[in-house]
Amino acid sequence: GGGYVACSPATHRSFTANLSRAANAKVFALDYRRAPEHKFPAAVEDAVRGYQMLLDEGILPEQIIIGGDSAGGGLTLATMIALRDRGLPLPSAAFCLSPWTDLAGTGGSILANEEKDPMLSGKKLRQFAALYHGNQSPTDPLVSPLYGDLIGLPPLLIYVSNTEILLDDSVRVAARAKKHGVKVDLRVWNDLPHVWPVFVSFKLPEAFAALDEIAEFIKQQTSAQQARRSAA
């Protein structure tokens, strides 16, 4: 997360540590390069290399779940598009927390929820977007997965609050993924801040509730994929 300009594995350690325990899984938190020093496609290239590193270590793709929040949620989708287009095996599933999928900023919720969202504003989004995509079109599918071909992507679990300015980024990308034949579970919660599931360090009850659901999703998806591989 962090709008492609901030945050790191250290800022998200409480969430990743709690998720690791809840899902009984190892977590690899990628410290990808950030803007403005490193503009697009640095983050996508780093994410693809990180995934390839896991495969090179012998980890099977069906044992891997990719996840991210906000910009990291958009990067999750962009990474899978890049992996598919490069002919690499995809992970078993992915989860996105309030994903930023449209850096062109065309979602109606940016204006509709401007006064309701305590964390983000349309002005901030435009600033972060410009720092990241630079001279590249904001509608490039690897910048904004909302405009991409999502055919063939694995099952998606998406969380967003109805009061976020990025509500439409989640709703629209979920609809597009379903149209492209992707299995999508979109969960819209009410009156919660942007990427609330990561706020486990603040002891937010809703954060722990969402984290437990994500952990269960991880267990179910990896078990299902491994069972299909064994049957084959």
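None of these values were measured; they are calculated from a predicted model.

## Side note on the pairing of strand 2 (residues 93–97)
A regular strand places its side chains so that they alternate between the two faces of the sheet. For strand 2, the buried fraction is high: five of the five residues fall into the buried class. Side-chain alternation along strand 2 places Ala93, Phe95 and Leu97 on one buried face and Ala94 and Cys96 on a second face that is also buried. Where strand 1 (residues 65–69) lies against strand 2, five bridges are found, and the strand directions are parallel. Pairing of Gly68 across the sheet is with Cys96, part of strand 2. For the segment spanning strand 1, helix 3 (residues 71–85) and strand 2, crossover handedness is right-handed. Across four bridges, strand 2 lies against strand 3 (residues 156–161) in parallel orientation. Bridging across to strand 3, Cys96 finds its partner in Ile158.

## Structural notes on the packing of aromatic side chains
Scanning the entire structure with this criterion turns up seven aromatic pairs. Judged by centre distance (6.2 Å) and plane angle (80°), the ring pair of Tyr159 and Trp196 falls under edge-to-face. Of the two residues, Tyr159 is situated in strand 3 and Trp196 in the loop between strand 4 (184–189) and helix 7 (205–231); the sequence distance between them amounts to 37 residues. In terms of burial, Tyr159 and Trp196 fall into one category: buried. Seen in terms of ring centroids, Trp189 and Trp196 are 5.2 Å apart; in terms of plane orientation they differ by 35°. Their pairing is tilted. In this structure, Trp189 and Trp196 share a single accessibility class: buried.

Parameters at a glance
- Counting restarts for each chain: residues are numbered from 1 in the order of the written sequence.
- Where totals are concerned, whole chains, interfaces and linings use all residues; where local detail is concerned, this predicted model gives features only for residues with pLDDT of at least 70, and gives and counts side-chain atom pairs only at 80 or more.
- Note that the side-chain values use all heavy atoms of the structure and ignore hydrogens as well as water.
- Here the term buried applies to any residue with accessible area under 20% of the maximum for its type, exposed to any over 50%, and partly exposed to those in between, with areas from a 1.4 Å probe on protein chains only.
- Helix numbering and strand numbering both begin at the N terminus, where a helix is a DSSP run of H or I of at least 4 residues and a strand a DSSP run of E of at least 2.
- Strand pairing is assigned whenever DSSP detects at least two bridges linking the two strands.
- With the strands pointing away from the viewer, any crossover whose connection runs clockwise from the first strand over the helix to the second is right-handed.
- Stacked, tilted and edge-to-face pairs are distinguished by plane angle, under 30 degrees for stacked and over 60 for edge-to-face with tilted covering the rest, among Phe, Tyr and Trp rings (Trp via its six-membered ring) whose centres lie within 6.5 Å.

What is shown is where atoms sit, not what they do.
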